[in-house]
Amino acid sequence: MSGSTKPLLKAMNGGNPGKTPVWLMRQAGRYLPEYRALRAEKGGFLDLVYDSDAAAEVTLQPIRRFGFDGAILFSDILIVPHALGQGLRFEAGEGPRLSPPLVDASLASLEVVPGRLEPIYRTVEKVKAALPAETTFLGFAGSPWTVATYMVAGQGSREQAEARRYAYRDPEAFAAIIDAVADMTVDYLSGQVRAGVEAVQLFDSWAGSLSPDQFEQWVIAPSARIVSSFRARHPDVPVIGFPKGAGGKLIAYARETGVDVIGIDETVGPEWAARNLPSDLPVQGNLDPLALIAGGKALEKAVQRIISAFEDRPHIFNLGHGILPDTPIAHVEQLLELVRQ
């Protein structure tokens, strides 16, 4: 099936697919009983990510169950720092740990291990072989700012204070981290495309923690560089940019990064986005994941508002962030019914 007949790919390229395509961030994951069963069998999260048979199965689970228009590769944004030479482990109930934290060690002390990306490419090949013909296959990576916050602190943090302090204190050293992540990300996304993905998303989960000047320096500039380098290699592969928490800075992001699609989070009014973002730019989003948990009338009202706001432009229905583990399956079914009516 050619790309133009895939509804999600058509919308990404600015066309009208005749219906609103839909996929959900973190659609492969803990809200699905089949995922929880496989995770229990395989052990830790990282074991699952690096087992290409298991990761392919997890990627396909929500497609089999719901028939989403897009399948998103099951992996993690911290695969890139792992390939850059940091140790990576996931602590139960506490999230990821990277060692050594770059607040204590230099980037130069790390030994790059590009082979750590190979199992991800094998996952892509296995998913590609099993996907329905109408489903678009999405790859992804973390954006440099978000990835760097983990690399500097050695773990996630709400305020990203260590990375923000580091960036002010030693902008040259911080820029070296950003550049290393950006270079590896272009290679990584390119490898995903060669293995079979048809579009990619850049997740900038912590973009909202920066002042406008810092946002320009650490979010917009590196993202623009990635998009430009990636497009030189893969001119026909769309890039979705998702700078969570960017708010009013979305306008500059849309104008300056060159992304093909802009993802918006649930804090952005859909009418504001429709009014202020370039009229020909496809928009992805932006249902509150908690509205999905609520279901019923609240979900119906929220879905209707989003679809109405974006009826005059290419729109991909998605959440404003990842689906939450306690989301009822029935509410996902209700969502799909509402979007596809």
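The coordinates are above.
Residues numbered from 1 in each chain as written. Predicted model: local features only at pLDDT ≥ 70, side-chain atom pairs only at ≥ 80, totals over all residues. Heavy atoms only, no water.

Topic: the packing of aromatic side chains
So the rule is basically this: Geometry of aromatic contacts follows a simple scheme: Phe, Tyr and Trp rings, the Trp one being its six-membered ring, pair when their centres are within 6.5 Å, and the pair is stacked under 30 degrees between planes, edge-to-face over 60, tilted otherwise. Cation placement over rings: the criterion is NZ of Lys or CZ of Arg within 6 Å of the ring centroid and within 35° of the ring normal.
Within the structure shown, the criterion is met by 11 aromatic pairs. On the numbers, 6.0 Å between centres and 55° between planes, the contact of Tyr 166 with Phe 174 is tilted. Connected via pairs of aromatic rings, a cluster forms that spans Tyr 35, Phe 45, Phe 74 and Phe 90. Between the NZ or CZ atom of Lys 249 and the centre of the ring of Phe 215, over which it lies, the distance is 5.4 Å.

Side note on the side chain of Gln 201
Our working rule: Secondary structure elements follow DSSP: runs of H or I of four or more residues count as helices, runs of E of two or more count as strands, with numbering from the N terminus. Polar contacts, as counted here, are pairs of nitrogen or oxygen atoms within 3.5 Å of one another; within protein the pair requires one atom able to donate a hydrogen and one able to accept it, and residues that are adjacent in sequence qualify only if both atoms are side-chain atoms. In this analysis, two residues are considered to be in contact whenever any of their non-hydrogen atoms come within 4.5 Å of each other.
Within the fold, Gln 201 resides in strand S5 (residues 199–204). Separated by 3.0 Å, the side chains of Gln 201 and Gln 284 make a polar contact. Not counting the four nearest positions on each side in its chain, Gln 201 is found in contact with Trp 23, Met 25, Gly 139, Phe 140, Ala 141, Ile 240, Phe 242 and Gln 284.

Overview of helix H6 (residues 118–130)
The line we're drawing: A helix is expected to span 1.5 Å for every residue after the first. Here the term buried applies to any residue with accessible area under 20% of the maximum for its type, exposed to any over 50%, and partly exposed to those in between, with areas from a 1.4 Å probe on protein chains only.
For H6, built from 13 residues, the straight-helix expectation of 18 Å at 1.5 Å per residue is met to within 8% by its first-to-last C-alpha distance of 19 Å. Pro 119, Ile 120, Tyr 121, Thr 123, Val 124 and Val 127 are the residues of H6 that are buried. Those residues of H6 that are buried lie in contact with helix H3 (45–50), helix H4 (52–66), helix H5 (79–83), strand S4 (136–142) and helix H9 (171–195).

What about the sheet that holds S5?
Strand pairs in the sheet, formed through backbone hydrogen bonds, run parallel or antiparallel to each other. Quick note on the threshold: Here the rule is simple: two strands pair whenever DSSP picks up at least two bridges between them. As a rule, the C-alpha atoms of each element are fitted with a line to give its axis, helices using only the stretch in contact, and angles between N-to-C directions run from 0 to 180 degrees.
Reading across from one edge, S1-S4-S5-S6-S7-S8-S9 is the order of the seven strands in this open sheet, with parallel pairing throughout. The outermost strands of the open sheet, each flanked by one partner alone, are strand S1 (70–72) and strand S9 (315–319). Adjacent strand axes in the sheet meet at a mean angle of 25°, parallel and antiparallel pairs treated alike. Pairing between strand S7 (residues 261–263) and strand S8 (residues 283–287): two bridges, direction parallel. Note on S8: the bridge partner recorded for Ile 262 is Val 283.

Some words on the environment of Ala 130
By the secondary structure assignment, Ala 130 is in helix H6. Separated by 74 residues in the primary sequence, Ala 130 and Ala 56 have C-alpha atoms spaced 9.0 Å apart.

Side note on the pattern of salt bridges
Quick note on the threshold: Salt-bridge detection follows one rule: a side-chain nitrogen of Lys or Arg within 4 Å of a carboxyl oxygen of Asp or Glu.
The tally for this structure, following the rule as stated, stands at 16 salt bridges. One salt bridge connects Lys 42 with Asp 51, and the closest N-O pair in it is separated by 3.1 Å. Between Asp 179 and Arg 225 there is a salt bridge, with its nearest N and O atoms 2.8 Å apart. Here Asp 179 is found in helix H9, whereas its partner Arg 225 is found in helix H10 (residues 212–233), with 46 residues between them in sequence. On the basis of relative accessible area, Arg 225 is assigned to the partly exposed category, the value being 32%. Connected through shared salt-bridge partners, Lys 6, Lys 128 and Glu 198 make up one network.

Remember that the coordinates give geometry; whether it matters functionally is a separate question.
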